[in-house]
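# Report on the structure
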Amino acid sequence: MKASAIANANIALVKYWGKRNKELILPNNTSISMTADGLYAHTTVEFDKKYKEDIFVLNGRELREGSREYDEYIGLFLKVVREKTKEEDRVKIVSNNNFPTAAGLASSAAGFAALATAFNKALNLDLDKKDLSILARRGSGSATRSIFGGFVEWKKGEKKDGSDSYAEQIASLTYWPDFRMIACITSKKQKKISSRAGMARTVATSPMYKSWLLGIEQDIEKVKKGILKRDFTLVGRTSEENCLKMHATMITTQPAIIYWNKSTIETIQSVIDWRNKGLECYFTIDAGPQVKIMCLEKNVDSIIKRCKKLEGVKDVIVIKPGEGAKITNEHLF
Ligand code: DP6
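Attention here is on the structure that accompanies the text. Just so it is clear, the model here is predicted, and its values are computed rather than measured.

Residues Leu13, Trp17, Ile93, Phe119, Phe151, Phe179 and Ile227 are the most contacted members of the largest nonpolar core, which totals 76 residues. At 9 residues, helix H2 (residues 107–122) tops the list of elements feeding residues into this core. Looking at this core, you find at least three residues from each of domain 1 (2–174) and domain 2 (179–319). Counting 20 residues, the second-largest nonpolar core is a separate cluster that includes Cys184, Cys243, Cys307 and Val313.

Have a look at this one:
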């Protein structure tokens, strides 16, 4: 009844922003991401009669039932798993991220993809990758995509029960090995508004939300085609535009949601400037202040050098296309 798994985070090229069903975590739009090598969650789970209550330890800190962090995420997910499996034993979960949690580097994606994968083994659920992505989705939408490696599409689906809202691989990590994202960490603080709360507020109040949805299918087609043709300009340009459209819906939410800080903006402007001078790169930003710069491997050194000179960039992480979630024999307890 003990199992461990490792799952990488992912960075969206076409973003998921807004749900049509909050309980089932069904999105309003299809999204595409790259699974991020080296930004991972490592999770061990054990169901056993010896536990009198569920225990959840995240990055060395125990989160308890009754706290917002516990009830809104892991508590809901455990309910889903128990309903599905009828498992009655309590569970101990220990999970570590090797990158800052909740600062816009998709920690919930890595976390729930690892957790779903570990549960699949510990409870002998025997789910294939498609069904595993559906289970991970119930923890956090973006986790749906982290089940697969390389470049991944999460189809929004049409059905009410969510059975057609799952992830599929577009291309494996070896298909486009010189695609890179350089994450510029501009703040290590936990963000004030979670993606979950932020997107709900955007759907309810942003006058731009309708136009966001109208442009999505075109962006999906362009990015998919770009990945399959390894057309860096098409993928980079479309992803950057898509990110700005999402942030336009955030900024026009009431009250406004602005995830950027001073150095986020300085980094954006630098990317545009470098590009205008012939160094091809594009940016993307999620629900946080970090800027992820898309480029090809041949330009990584030059871009890192420039990023390190930017005031306010605290850390720079180079990310390659990574593997999907997998079981490991290394247990954390
Ligand atoms: C901006 O997956 O964190 O990173 O489904 O409520 O858990 P929940 O939201 P979450 O949202 C991610 C939003 C995003 C874009 C993306 O990853 O596609």
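Looking now at the packing of helix H6 (residues 209–229) against helix H7 (residues 232–251). It is at 9 Å that the axes of H6 and H7 come closest, and there the two elements cross at 160°. Judged by the angle between their axes, H6 and H7 are roughly antiparallel. In this structure, the crossing between H6 and H7 has a hand that is left-handed. Contact with H6, carried on its side by Tyr209, Trp212, Gly215, Ile216, Asp219, Lys222, Val223, Gly226 and Ile227, involves Leu234, Val235, Thr238, Ser239, Asn242, Lys245, Met246 and Thr249 of H7 and no other residues of that element.

Under the defined criterion, the tally for this structure stands at 9 aromatic pairs. Aromatic pair phenylalanine 77 and phenylalanine 119: ring centres 6.0 Å apart, planes at 10°, arrangement stacked. Taken together, the positions of phenylalanine 77 in helix H1 (residues 68–85) and phenylalanine 119 in helix H2 put the pair 42 residues apart, joining distant regions of the chain. Its relative accessible area of 0% is what places phenylalanine 77 among the buried residues. Summarising the aromatic geometry, the rings of phenylalanine 151 and tryptophan 176 are spaced 5.9 Å apart at their centres and angled 35° between planes, so their arrangement reads as tilted.

Cut-offs used in this document
Residues numbered from 1 in each chain as written. Predicted model: local features only at pLDDT ≥ 70, side-chain atom pairs only at ≥ 80, totals over all residues. Heavy atoms only, no water. Core = buried A, V, L, I, M, F, W, Y, C linked by side-chain atoms within 4.5 Å. Buried < 20%, exposed > 50% of the residue type's maximum accessible area, 1.4 Å probe, protein only. Helix = DSSP H or I, 4+ residues; strand = E, 2+ residues; numbered from the N terminus. Domains from an automatic or database assignment. Axes fitted to C-alpha atoms, helices over the stretch in contact; angles between N-to-C directions. Parallel < 35°, antiparallel > 145°, perpendicular 65-115°, else oblique. Left-handed = near helix turned anticlockwise from the far one by under 90°. Contact = heavy atoms within 4.5 Å. Phe/Tyr/Trp six-rings, centres within 6.5 Å; stacked < 30°, edge-to-face > 60°.

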